[in-house]
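# Observations on chain architecture
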Amino acid sequence: MPGKAKAIRKTTSKGGNYRPTKKGAGMTKKGVKAYRAANPGSKLKTAVTGKVKKGSKAAKRRKSYCARSLGQLKKSSAKTRNNPDSRIRQARKRWRC
């Protein structure tokens, strides 16, 4: 069926598409590459984890992600919100939110 995106395999093991929660959650480089191969024209990128210049593209991506993920965190259950090991909390930590 044209226009239908292929799903990428969701794995958390070594060399998988998703980083384990203990290592900061989110997608790996391999996962982003697989997603982009399955979805031509995608501009998906990995997390902005390093030091960035104020006002740079990377800084803007980080600010945008942090704002979006805060909304996700607020809408999650109290158990998830208060658990420091939850995927959303670990991903926000990795992005330095």
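Thresholds applied
Residues numbered from 1 in each chain as written. Predicted model: local features only at pLDDT ≥ 70, side-chain atom pairs only at ≥ 80, totals over all residues. Heavy atoms only, no water. Helix = DSSP H or I, 4+ residues; strand = E, 2+ residues; numbered from the N terminus. Buried < 20%, exposed > 50% of the residue type's maximum accessible area, 1.4 Å probe, protein only. Contact = heavy atoms within 4.5 Å. Areas by Shrake-Rupley, 256 points an atom, 1.4 Å probe, with all protein chains shown as cover.

## Regarding the overall build of the protein chain
- Looking only at helices and strands, the protein chain features four helices and zero strands.
- Its helices and strands taken in sequence order, the protein chain reads α-α-α-α from the N to the C terminus.
- When each of the 97 residues of the protein chain is scored for burial, the buried share is 30%.
- Long-range pairs, those at least 24 residues apart, make up 39% of the contacts in the protein chain between residues at least 6 apart in sequence.
- Put simply, the protein chain shows about 7,600 Å² of open surface, and 55% of that area lies on carbon and sulfur atoms.

## Overview of the environment of arginine 62
- Considering the arrangement of structural elements, one finds arginine 62 in helix H2 (residues 57–75).
- Along the primary structure arginine 62 and alanine 47 are separated by 15 residues, whereas in three dimensions their C-alpha atoms are 7.9 Å apart.
- If sequence neighbours within four positions are ignored, arginine 62 has contacts with Val48, Thr49, Gly50, Val52, Trp95 and Arg96.

Note that all results are geometric; they support no functional claim without further evidence.
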